[in-house]
Amino acid sequence: MREAFPEAPKPWIDLSTGINPWAYPHTEVTEEALNRLPTRAAYSACQRAMAAAIGAPPETLLLAPGSELLIRLLPDVISAKRVTLLAPSYGDHAVSWKRAGVTIVNTTNPLEMADETDVVIVCNPNNPDGHTFSVDALNHARDKLAARRGWLIIDEAYADLDPGLSLAPLAGSDGLIILRSFGKFFGLAGVRLGALIAPASIRDAMAARLGVWPVSGAALEIGTRAYADTRWQSSSRTSLKSGAARLDESLEGAGLGLVGGTDLFRFVETADAHGVFERLAQAGVYVRRFDWSTRHLRIGLPATQTALERLEAALIL
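None of the values given here were measured: they were computed from a predicted structure. (Residues numbered from 1 in each chain as written. Predicted model: local features only at pLDDT ≥ 70, side-chain atom pairs only at ≥ 80, totals over all residues. Heavy atoms only, no water.)

### Structural notes on the packing of helix α3 (residues 67-77) against helix α7 (residues 200-210)
For clarity, the threshold we go by: To get an axis, fit a line to the C-alpha atoms, keeping to the stretch in contact for a helix; angles then go from 0 to 180 degrees between the N-to-C directions. Here a helix means four or more residues in a row that DSSP labels H or I, a strand means two or more in a row labelled E, and each is numbered from the N terminus. With the far helix as reference, a near helix turned anticlockwise by less than a right angle produces a left-handed crossing, and one turned clockwise produces a right-handed crossing. The criterion used for residue contact is that any of the two residues' heavy atoms lie within 4.5 Å. Each residue is assigned to one of three groups, with Ala, Val, Leu, Ile, Met, Phe, Trp, Tyr, Cys and Pro labelled nonpolar, Asp, Glu, Lys and Arg labelled charged, and all others, Gly among them, labelled polar.
At their nearest, the axes of α3 and α7 sit 10 Å apart, and the two run at 115° to each other. Regarding α3 and α7, the two cross each other, and that crossing is right-handed. Residues L69, L70, L73, L74, D76 and V77 of α3 pack against I202, A205, M206, R209 and L210 of α7. Along the lines of polarity and charge, the residues of the contact of α3 with α7 split into 9 nonpolar, no polar and 2 charged.

### Quick look at the layout of surface pockets
How we decide: Using a 1 Å grid laid over the protein atoms alone, points where a 1.4 Å probe fits but cannot get out form a cavity; open sets with protein on both sides within 12 Å along at least 5 of 7 lines form a pocket; any residue with an atom within 4 Å of a point counts as lining. Grid points are joined across faces, edges and corners, and a volume is the space filled by probe spheres set on the points.
As a volume, the largest pocket reaches approximately 780 Å³. Taken together, 38 residues make up the lining of the largest pocket; nearest its centre are S89, Y90, G91, N127 and R288. Listed by contribution, the elements that provide at least two residues to the lining of the largest pocket are α3, β3 (82-86), α4 (91-99), α6 (183-186) and β12 (288-290). Per-class residue counts for the lining of the largest pocket are 18 nonpolar, 11 polar and 9 charged.

### Observations concerning the environment of L85
By the secondary structure assignment, L85 is in strand β3. For L85 and V120, which are 35 residues apart along the polypeptide, the C-alpha to C-alpha distance reads 6.0 Å. The residues contacting L85, other than those within four sequence positions of it, are H93, A94, I104, V105, N106, T107, P110 and I121.

### Side note on the pattern of salt bridges
Heads up, the rule is: Between Lys or Arg on one side and Asp or Glu on the other, a salt bridge is scored when a side-chain nitrogen of the former is within 4 Å of a carboxyl oxygen of the latter. Summary of the burial criterion: residues with accessible area below 20% of their type's maximum are buried, those above 50% are exposed, and those between are partly exposed, where the area comes from a 1.4 Å probe applied to protein chains only.
Evaluation of the coordinates by the stated rule reveals 13 salt bridges. For D76, the salt bridge goes to R209, with nearest N and O atoms at 2.7 Å. Here D76, found in helix α3, pairs with R209, found in helix α7; they are 133 residues apart in sequence, far enough to count as distant. Residue classification places R209 among the partly exposed residues on the basis of a relative accessible area of 38%. One salt bridge connects R180 with D160, and the closest N-O pair in it is separated by 2.9 Å. Of the two residues, R180 sits in strand β7 (residues 176-181) while D160 sits in the loop between β6 (151-155) and β7, which places them 20 residues apart along the sequence. When its relative accessible area of 3% is taken as the criterion, R180 is described as buried. For D160, a relative accessible area of 5% gives the class buried.

### A few points about helix α5 (residues 135-147)
Inclusion rule: By this rule the span expected of a helix is its residue count minus one, scaled by 1.5 Å. Directions pointing from the helix axis toward each C-beta atom define the arc.
The end-to-end C-alpha distance of α5 is 18 Å, a good match for the 18 Å that 13 residues give at a rise of 1.5 Å each. Taken together, the buried positions of α5 are L138, A141, R142 and L145. Angularly, the buried residues of α5 cover 105° about the axis, an arc narrow enough to put them on a single face. Opposite the buried face of α5, at more than 90 degrees from it, the exposed residues are D136 and A147.

### Examining the packing of α3 against α4
The condition is simple: For this classification, under 35 degrees means roughly parallel, over 145 means roughly antiparallel, 65 to 115 means roughly perpendicular, and everything else is oblique.
Where α3 contacts α4, the axes come no closer than 8 Å and their chain directions differ by 30°. By the angle between their axes, α3 is roughly parallel relative to α4. The way α3 lies across α4 gives a crossing that is right-handed. In this structure, α3 uses E68, I71, R72, L74 and P75 to contact α4, whose residues at the interface are D92, H93, V95, S96, W97 and R99. Partitioning the contact of α3 with α4 into residue classes produces 5 nonpolar, 2 polar and 4 charged.

### What about the sheet that holds strand β5 (residues 119-123)?
For clarity, the threshold we go by: When DSSP finds two or more bridges between a pair of strands, those strands are recorded as paired.
Ordered in space as β2-β8-β7-β6-β5-β3-β4, the 7 strands form an open sheet in which the pairing is mixed. This sheet does not close on itself; its edge strands, each paired only once, are β2 (61-64) and β4 (103-107). In this sheet, neighbouring strand axes are inclined to one another by 20° on average, regardless of whether the strands run parallel or antiparallel. When β5 meets β6, the two strands line up parallel, connected through 5 bridges. Along β6, the bridge assignment pairs C123 with D155.

So this is what it looks like as structure tokens:
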């Protein structure tokens, strides 16, 4: 962006991600985490802390260096000929399954395809529009898929914002695979920590591909501490909700239509979204645009009042 818009004022304000701008602050790690290979005890401690935070049995979790790698490996673990994806949604799911050569069906109602597909993939909440599916609707689709030896894959990268949306309490059920991400809600994307939650056969197949030390010692220490810090998690949900409300006021004041999102980003509609993107970029504000729409943008939460005011000023130019 700096190269594409060299005259833009600095510092740049990056609102292109859906990552918590007020990250979990307690990120110190021991020397042992850095100069020794990760231990089984450290892995188990993080596994238990994550499981307790999301309400899943610890043994159903396989830790990984972020959910992105899991997305790319799943087509190698699951045999499928026909995969149904929610659209629009996080693009790497489609990229990974296309690479595997399967038939892909994109639809706004993927759960309705549970009777006629091998795999259904949804993000809940969805990225980029924030659409959510009820636990009952998801479990009903999982039941149908499991009866046909199919799979419901739920990407819960943003589920920490609203734990009631998660199917983690059903972890280990037939036909259910859940992907969890640490970096977005905790604001520490560089830590690279996530989890696959699935029946033993899927966990074992994925574990064989991840190897003996899939997660760094530093990630295990930080993850253990963060997942156990339920007070910070509750406080962060409150702060994010307030930040999203302030952002809403600014976006609506600029005439943008709020059509979706989560408490980590807003999904807006405007007649010339790519033109607004250019105008914001020229002002040193980076938001997310889409190849598939000229009317929509995704805008993350500004970290400071100064950043919010710069966004407001750029929107009314």
